[in-house]
Amino acid sequence: MSKPTILIYDLGGCEGCPLSIMRVYPQLINIADVYTKCLGKVDLDREYDYAVVTGPICINSPKHVEELKKIRKNSRVLIAYGSCASVGGIILYARGGQEPRPEHRVYAPISRVVRVDYAIPGCPPAPQMLISLLNCIRRGKGYFLDLFRAVALNPKLSGFDLMDEVVLNGLCVGCGACVLSCPTNALQMIDNRPDLIPEKCIRCGTCTVRCPRFSQILIQRSRLLQKASSLSRISGV
Amino acid sequence: MVDNALTTMQRQVLDRIGGEAVFIVFASNGVASDAYFVSKAPVRGFEKLVRGKNPVFVVNAVMRICGICHAAHGIASTEAFEDAMGISPPRNGRLLREAIGLINRIQSHLLHLTLLLPDIYPRDELLGFTVKTIKLYNKATELLGILGGAPTHPPYLVIGGVAKTPSDKVIVKITDELEKFNEEFVALREDVERKALESPRIKPLLEKEYYPEMLATHLFYGDRFNINPSKIRVVRYEEYRGGNLPKEAEENTSMIALYEDRIVEVGPRARLSIYKGFDGKTLWDLQLARFMEVEIDVLQINRLLERIDPHDESSTKLLTYRPGKGLGVYEAPRGILIHRVELDDNGRVSDYKIIVPTMFNIPHMEIGVKGLPSSIADLVPRIYDPCIPCATHVVEVDKNE
Amino acid sequence: MAYQPVVIDPENPLGYYTGIYLAQTADERVKRKLGPDYKGGGAVTSILLYLVEHGVVDAVVVARRKKGLYGETIIAKTPEEILEATGPKWSIVPYTLGLREKLTSMDVGRVAFVGLPCQAQFLRQVKMFPLMESDFSKKIYLIISLFCMGTFAVESFLNYIKKSYHVSPDEIENISINGDELVVKHVRGEIRIPIRDALFHLQHGCLTCPDYTGLFADLSAGKALKPGFTLLITRTKLADKIVREASNTGYLKLSEPDEESLKIVIEKAREKIMRSYKYLSTVL
């Protein structure tokens, strides 16, 4: 059997994610045919088994929106990789108005524009992440795949959401998973509960998918969402 | 732009560079006569993004401007805030910060080498060398993970110094790793240099002399007293080029930086020319300068680590929130990086400006290519190693400054 | 990676497993430490001793009770440290930033982690899907989860004991479970609290948790119905091998699980899943 093809494409992020992927390139080429701009030309017009999109989508850049739509059309599985692509990350704070293109105002996770199969937060995810993910997708099921699918449907995830949905909601049990999942050390344990240092949160979303409670809420919520959308399709809404 | 029958226009989407850009080259009889370097990445607007924010947030934010030179942005930013707050890191903090910055520089240079390899190696040897270079790159990356807290966007870079002092053991480990790294690097470098002499694509670069005015502030770190920031003018690309631009070039998402209204080269060659007497005049010397830098940087990191006292603090824990203005100048992998900040009465950011090295270097990519075969035109930007993620996040500096 | 994806399913509440054993410590040190009254089997401590003494792992991360219900996470490298941490835990001991720092700066390669199901889920995710570059994925060698029906909100529970039984937190020496009762030993004697009364002091978050046995762990362990035994569920080949080796080298005695113990654990696991569905539906 020939190896699956994988496209790695950055839409205008910091390039940290594609570079983190490049670090596992020696392993990645064993399981897939890799197409990336870092190592040569890429062709968005051909079809790929997997497309790994990094970086946020700038809603005000028609060029990038077109590219993203094209990638969606031409790929079997679309993976939003890294915090910007999956949940928005730091760039959600963008307010536009900057030279030389003040019209680039709004940035969003790519799932706001196209259907995404799996969304992986992390700023950036560790290189090994992609290898594990591809292996898991091949097996096709499991809690964590459900989770990354749920993130694609519900990209509003950040330290603030962790606080709102879990901690302030009284659902936190104090396991400490979140404090070990923050790249900027924005979470600290106070009296066995995490507390957010707001000025340190970069909205990468990592803590939320690592939280046993939040991950479960996400999965259940995405099931409801999917049910609702299939109902609305049936009834023609 | 000469418009006659012999002139052809070639539009090339650049691959193997940091970011998204198009290189438009005009050529007469296959020889490049003019070129336009057009950044395509959207403008994320970090200067606007950080306004009103707490300085602690801003350092974490601006590191995310770039996934290649994250530490450089972190250092320039912390320097600017410290200047504005009137604090300075303890000795350990300065030493560590410089070491972290240099590892980031090595990381960046190796990454660039990975991008360049396909121009040097024949197809059948390429994969092996790419894997080899990436493995070496991973080694540098690991070191940044140890010293900086993460290999990308290192969180230990904080205002007031570096958040964690490495233990004796860690310092020994890093020194050992650096030694191994250096051995492998020297071997790789020799091989690349030899192969480059045989590569038909590299050959024109070996012969093409291009040596503009150089600007650098320090060999290893960056020194705000070696530059007069008020002499830097940042202009829109159209304004810099003037005249009749190809339509696409008007859409450029990057700006151009001028020093005393002249174009200057910044980066490895500039640093080595000014502080080490390096006098390589050809375009290929840009790459040789990068190689040289990796080697002297490894030595410098060792020197810095030797001086660290593992039992001493590495950061002043005291941040002062007050109004002020600050300037941070740092020699990023690609050259002079400037962060300027203004803090309001609550010590929050009221204004933030960033000038990145690629804004200085874009003109050279366009001029340097003149006279070269248009078939290898893409190599000129690549040898200058532009960083588009950085270059598309800058704002126009007020003209009256 | 030979790891079976986790599916949480009330029809199959124990999840995927490779083996189930009834285990009892064969190690004199563990027996001595636990004392004659202890109703558990001491299997986890024995396995940890095996792992460390045979050099399978460099260290184990366990929770140690400090005083009363309070605990701390320690990285134990010696048998003495492990023995000191033995015994049931009644509250969750959070992982903190210090843990990562210690793990990364200490010279340890392979580490076995003992935690609760929620912590096992976190560790599995760190190991399989490292979302952070600073994750200690490579150091996670074995994940052991203890069965958990929920953890107490410490302050709330302690206050309850103090108000209802006049035993202050400082006086509590040990808490164990006996049938439907919690037995709290304190400096002046012991009190027995019906479990029903104590449930009020469970953490709310635990009510939405569907995982009783630790589905994400390599090895799950909990008290068997039969006094003096631990029920072990191995979920990976690695865990299976370790359990057998610990038995072959004289740390453990293994036997077939009795039907009653098995029935109870399945029942409880299903109960926890159903409970979580019920409570989760109120917070979605």
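Residues numbered from 1 in each chain as written. Chains lettered and ligands numbered in written order. Predicted model: local features only at pLDDT ≥ 70, side-chain atom pairs only at ≥ 80, totals over all residues. Heavy atoms only, no water.

## Some points on the environment of B:Ser88
All names here are of chain B.
Piece 1. Topologically, Ser88 is positioned in the loop between α3 (70–85) and α4 (91–120).
Piece 2. A C-alpha to C-alpha distance of 16 Å links Ser88 and Gly347, two positions 259 residues apart in sequence.
Piece 3. The residues contacting Ser88, other than those within four sequence positions of it, are Arg94 and Thr316. (Helix = DSSP H or I, 4+ residues; strand = E, 2+ residues; numbered from the N terminus. Contact = heavy atoms within 4.5 Å.)

## What to know about the packing of aromatic side chains
Piece 1. Going through the model one piece at a time under the given rule, you end up with 22 aromatic pairs over all chains.
Piece 2. Taken together, a centroid distance of 5.1 Å and an interplanar angle of 80 degrees make the contact between A:Tyr143 and C:Phe216 edge-to-face. Note that A:Tyr143 is positioned in helix α6 (residues 143–153) and C:Phe216 in the loop between α8 (204–207) and β9 (219–223), a pairing that runs across two chains.
Piece 3. By relative accessible area, which is 8% here, A:Tyr143 ends up buried.
Piece 4. For C:Phe216, a relative accessible area of 1% puts it in the buried group.
Piece 5. Between C:Tyr95 and C:Phe122, the aromatic rings sit 6.1 Å apart at their centres with planes inclined by 45 degrees, giving tilted as the arrangement. With a gap of 27 residues between them, C:Tyr95 in the loop between α3 (79–84) and α4 (97–105) and C:Phe122 in helix α5 (residues 117–128) connect regions that are remote in the sequence. Taken individually, C:Tyr95 and C:Phe122 each receive the classification buried, so the pair is uniform in this respect.
Piece 6. Pairwise contacts between aromatic rings join A:Tyr143, A:Phe144, A:Phe148, C:Phe129 and C:Phe216 into one cluster.
Piece 7. Looking at C:Lys226, its charged tip hangs above the ring of C:Phe229, at a distance of 4.7 Å from the centre. (Phe/Tyr/Trp six-rings, centres within 6.5 Å; stacked < 30°, edge-to-face > 60°. Buried < 20%, exposed > 50% of the residue type's maximum accessible area, 1.4 Å probe, protein only. Lys NZ or Arg CZ within 6 Å of the ring centre and 35° of its normal.)

## A look at the pairing of strand β2 (residues 33–36) of chain A
In regular strands, side chains alternate between the two faces of the sheet.
All names here are of chain A.
Piece 1. What you see with β2 is a clean split: Val34 and Thr36 sit on the buried side and Asp33 and Tyr35 on the side with no burial.
Piece 2. Pairing of strand β1 (residues 5–10) with β2 involves four bridges; the strand directions are parallel. Pairing of Ile8 across the sheet is with Thr36, part of β2. (Pairing = 2+ DSSP bridges.)

## A few points about the interface of chain B and chain A
Piece 1. Taken together, the 56 residues of chain B in the interface contact 44 residues of chain A.
Piece 2. Between chain B and chain A, the buried area comes to about 4300 Å², and carbon and sulfur atoms account for 61% of it.
Piece 3. Of all residues in chain B, B:Pro42, B:Arg44 and B:Arg64 bury the most surface against chain A, accounting for 15% of the area lost on that side.
Piece 4. The interface formed by chain B and chain A includes three salt bridges.
Piece 5. With a shortest N-O distance of 2.2 Å, A:Lys63 and B:Glu20 are connected by a salt bridge.
Piece 6. Within the residue set of the side of chain B that touches chain A, elements represented by two or more residues are β1 (7–14), α1 (46–49), α2 (55–63), α4 and α5 (123–148) of chain B.
Piece 7. When residues of the side of chain B that touches chain A are assigned to their parent elements, the largest contribution, seven residues, is made by α5(B).
Piece 8. Its residues assigned to classes, the side of chain B that touches chain A shows 26 nonpolar, 17 polar and 13 charged. (Buried area = accessible area lost by both parts, 1.4 Å probe. Salt bridge = Lys/Arg side-chain N within 4 Å of Asp/Glu carboxyl O. Nonpolar A, V, L, I, M, F, W, Y, C, P; charged D, E, K, R; others polar.)

## Side note on the packing of α5(B) against helix α6 (residues 168–198) of chain B
Relative placement of two packed helices is described by the angle separating their axes and the distance separating the axes.
Residue and element names in this part refer to chain B.
Piece 1. The N-to-C vectors of α5 and α6 enclose an angle of 155 degrees; their axes lie 10 Å apart at closest approach. Considered as vectors, α5 and α6 are oriented roughly antiparallel to each other. Here α5 and α6 pass one another in a crossing that is left-handed. Of the residues in α6, those touching α5 at Glu125, Phe129, Lys132, Thr133, Leu136, Lys139, Ala140, Leu143, Ile146 and Leu147 are Val170, Lys173, Ile174, Glu177, Leu178, Phe181, Glu184, Phe185, Leu188, Asp191 and Lys195.
Piece 2. Considered class by class, the residues forming the contact of α5 with α6 number twelve nonpolar, one polar and eight charged. (Axes fitted to C-alpha atoms, helices over the stretch in contact; angles between N-to-C directions. Parallel < 35°, antiparallel > 145°, perpendicular 65-115°, else oblique. Left-handed = near helix turned anticlockwise from the far one by under 90°.)

## Focus: the interface of chain B and chain C
Piece 1. On the side of chain C, five residues touch chain B, which itself brings six residues to the contact.
Piece 2. Of the roughly 450 Å² buried between chain B and chain C, counting both surfaces, carbon and sulfur atoms make up 46%.
Piece 3. On the chain B side of the interface with chain C, the three residues burying the most area are B:Pro151, B:Lys164 and B:Lys169, jointly 57% of the side's total.
Piece 4. Applying the counting rule to chain B against chain C returns zero salt bridges.
Piece 5. Where chain B packs against chain C, one counts one residue pair in polar contact (both at pLDDT 80 or more). (Polar contact = N/O pair within 3.5 Å; in protein donor to acceptor, adjacent residues only side chain to side chain.)

## Quick notes on helix α10 (residues 284–307) of chain B
Piece 1. Compared with an ideal rise of 1.5 Å per residue, which puts 24 residues at 34 Å, α10(B) spans 35 Å between its outermost C-alpha atoms and is within 8% of the ideal.
Piece 2. With 18 of 24 residues buried, α10(B) is to be regarded as a mostly interior element. (Expected span 1.5 Å × (residues − 1).)

## Looking at the side chain of B:Asp297
Piece 1. Relative to the helices and strands, B:Asp297 resides in helix α10.
Piece 2. Given a relative accessible area of 0%, B:Asp297 falls into the buried group.

## Regarding empty space enclosed by the protein
Residue and element names in this part refer to chain A.
Piece 1. Considering all chains together, one arrives at 16 cavities of 30 Å³ or more under this definition.
Piece 2. Taken together, 21 residues form the lining of the largest cavity, with Cys14, Gly16, Cys17, Cys84 and Cys123 sitting closest to its centre.
Piece 3. For the lining of the largest cavity, the elements supplying multiple residues, two or more each, are α1 (16–22) and α4 (83–87).
Piece 4. Looking at side-chain class alone, the lining of the largest cavity contains nine nonpolar, eight polar and four charged residues.
Piece 5. Volume-wise, the second largest cavity comes out at about 100 Å³.
Piece 6. Put simply, the parts of the chain that give the lining of the second largest cavity at least two residues each are α7 (159–167) and α9 (212–234).
Piece 7. When residues of the lining of the second largest cavity are assigned to their parent elements, the largest contribution, three residues, is made by α7.
Piece 8. Considering only residue class, the lining of the second largest cavity consists of twelve nonpolar, two polar and one charged. (1 Å grid on protein atoms, 1.4 Å probe; cavity = no way out; pocket = protein on both sides within 12 Å on 5 of 7 lines; lining within 4 Å. Points joined across faces, edges and corners; volume = space filled by probe spheres on them.)

## Considering the pattern of salt bridges
All names here are of chain B.
Piece 1. Scanning all chains against the criterion turns up 62 salt bridges over all chains.
Piece 2. Two residues, Lys180 and Glu177, come together in a salt bridge whose shortest N-O distance is 3.6 Å. Separated by three residues within a single helix, Lys180 and Glu177 lie in helix α6, roughly one turn from each other.
Piece 3. The closest approach of N and O atoms between Glu293 and Arg271, which form a salt bridge, is 2.6 Å. Within this pair, whereas Glu293 is found in helix α10, its partner Arg271 is found in helix α9 (residues 268–276), the two being separated by 22 residues in sequence.
Piece 4. A relative accessible area of 0% places Arg271 in the buried class.

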